[in-house]
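# Structural features, examined
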Amino acid sequence: MFGKKLYFYIFVMSFKMVLRSTSDNQQIMIILITGASHTGKTLLSQRLLEKYGFPYLSIDHLKMGLIRSGYTSLTPEDDEQLTTYLWPIVREMVKTAIENGQHLIVEGCYIPSDWRKDFSEEYLEKIRLICLAMADEYIDAHFDKIISYASTIESRLDDSCSTVDSVKKDNAEFIRQFAGSDDEFVLIEDDYEMVIDGIVEKCGEMINCKLNKDDVTICGRSN
């Protein structure tokens, strides 16, 4: 009997969370977070979850589930092929979330720079992408700290292959792909925590923007 009551309680609380995320006439919001390894995509997603109650999907978890279950012969090192393989799945999950009226954060490096072409305007108006990258000078000055923080949210099995040069190369590729795009590109050059806090607050402004009956955009946190 206790087990049934506990299950019902968990179900009701989960349902309330979904209702809360779409209440107060908020527009449905999908936030895509991409960027180089070690830039804090998972940390940012966790901060947004804690502050705004948005659930987040880690593309890395999806990747490892498909690899470990034998649904693909790709390995974690096959980055380019993995983007081609994973993005169609993630893309359709995003569309489903929008159609179901659910907020969602999706984080991972397997989001192509031309992602917009896969969505009609009806979907695009509900999606925002944030790309995180670190400047070479920041990597040089804080490399040891960058590596030590790698497991702040999730435990990495092996990070021994990361070097200053490999981290710079990874970040340079995302800078090349996203710096000139219409998306929210964030280059980390100095105070990391201040940058992350700033993104969280800016996301709050986007999340809590809603339309009144005259279609005038009103921004501000809902009570």
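Residues numbered from 1 in each chain as written. Predicted model: local features only at pLDDT ≥ 70, side-chain atom pairs only at ≥ 80, totals over all residues. Heavy atoms only, no water.

## Side note on the overall build of the protein
Quick note on the threshold: Strands here mean DSSP runs of E at least two residues long; helices mean DSSP runs of H or I at least four residues long; both are numbered from the N terminus. For each residue, the accessible area found with a 1.4 Å probe, counting protein chains only, is set against the maximum for its type, and the residue is called buried under 20%, exposed over 50%, and partly exposed in between. Every residue pair with non-hydrogen atoms within 4.5 Å of one another is taken to be in contact. Only the protein chains shown count as cover for residues, and the accessible areas themselves come from Shrake-Rupley with a 1.4 Å probe.
The helix and strand tally for the protein stands at eight helices and seven strands. For the protein, the residues scored as buried account for 41% of the 223 residues in total. Taking all contacts inside the protein whose residues are at least 6 apart in sequence as the whole, residues at least 24 apart take part in 75%. With an accessible surface of roughly 13200 Å², the protein has 53% of that area assigned to carbon and sulfur atoms.

## What to know about the sheet that holds strand 2 (residues 56–58)
To be explicit about the condition: In short, DSSP must find at least two bridges between two strands for them to pair. As a rule, the C-alpha atoms of each element are fitted with a line to give its axis, helices using only the stretch in contact, and angles between N-to-C directions run from 0 to 180 degrees.
With respect to topology, five strands assemble into an open sheet ordered 2-3-1-4-5, the strand pairing being parallel. Two strands in the sheet have a free side with no partner beyond their single neighbour: strand 2 and strand 5 (184–188). Neighbour-to-neighbour, the strand axes of the sheet open up by a mean angle of 20°, direction not taken into account. As judged from the three bridges shared by strand 2 and strand 3 (residues 104–107), these two strands associate in the parallel manner. Bridge pairing in strand 3 links Tyr 56 to Ile 105.

## Remarks on unusual backbone geometry
For His 38, which is not glycine, the phi dihedral falls at a positive 75°. Inspection of the secondary structure puts His 38 in the loop between strand 1 (30–35) and helix 2 (41–52). Judged by its relative accessible area of 10%, His 38 falls in the buried class.

## Some details on the confidence of the model for the protein
We count it as follows: Per residue, pLDDT captures the predictor's confidence, and it can take any value from 0 to 100.
Looking at the protein as a whole, the pLDDT averages 81, with 76% of positions reaching at least 70. Counted against residues more than four places away or in other chains, residues 1–25, with its pLDDT under 50, gives 14 contacts. Confidence drops under pLDDT 50 across residues 210–223; counting only partners more than four residues distant or on other chains, this segment forms 24 contacts.

## Here we look at a negative patch on the surface
How we decide: Here, patches come from residues exposed beyond 30% relative accessible area and free of salt bridges, joined within 9 Å for like charges and within 5 Å for nonpolar side chains (Val, Leu, Ile, Met, Phe, Trp, Tyr). Salt bridge, as used here, is a side-chain nitrogen of Lys or Arg placed within 4 Å of a carboxyl oxygen of Asp or Glu. Counting rule applied: Lys, Arg positive; Asp, Glu negative; His and chain ends not counted. One atom stands in for each charge, and that atom is NZ of Lys, CZ of Arg, CG of Asp or CD of Glu.
Residues Asp 136, Glu 137, Glu 189, Asp 190 and Asp 191 make up a contiguous surface patch of negative charge. Structurally, Glu 137 is set in helix 6 (residues 136–148).

## Concerning helix 2
The line we're drawing: One fewer than the residue count of a helix, multiplied by 1.5 Å, yields its expected span.
The first and last C-alpha atoms of helix 2 sit 16 Å apart over twelve residues, in line with the 16 Å expected at 1.5 Å per residue. Among the residues of helix 2, those classed as buried are Lys 41, Thr 42, Leu 43, Leu 44, Ser 45, Gln 46, Leu 48 and Tyr 52. One or two residues past the end of helix 2 sits Gly 53, with phi positive at roughly 75°.

## What to know about the packing of helix 6 against helix 7 (residues 164–178)
Applied cut-off: Reported orientations rely on four angle classes, namely roughly parallel under 35 degrees, roughly antiparallel over 145, roughly perpendicular from 65 to 115, and oblique for the rest. By definition, any crossing whose near helix is turned counterclockwise from its far helix by less than a right angle is left-handed, and any crossing with a clockwise turn is right-handed.
Running from amino to carboxyl end, helix 6 crosses helix 7 at an angle of 150°, the nearest separation of the two axes being 10 Å. Classified by the angle between their axes, helix 6 and helix 7 sit roughly antiparallel to one another. Remark: the crossing between helix 6 and helix 7 carries right-handed chirality. Together, Asp 136, Ile 139, Asp 140 and Phe 143 of helix 6 and Val 164, Val 167, Lys 168 and Asn 171 of helix 7 make up the contact between the two elements.

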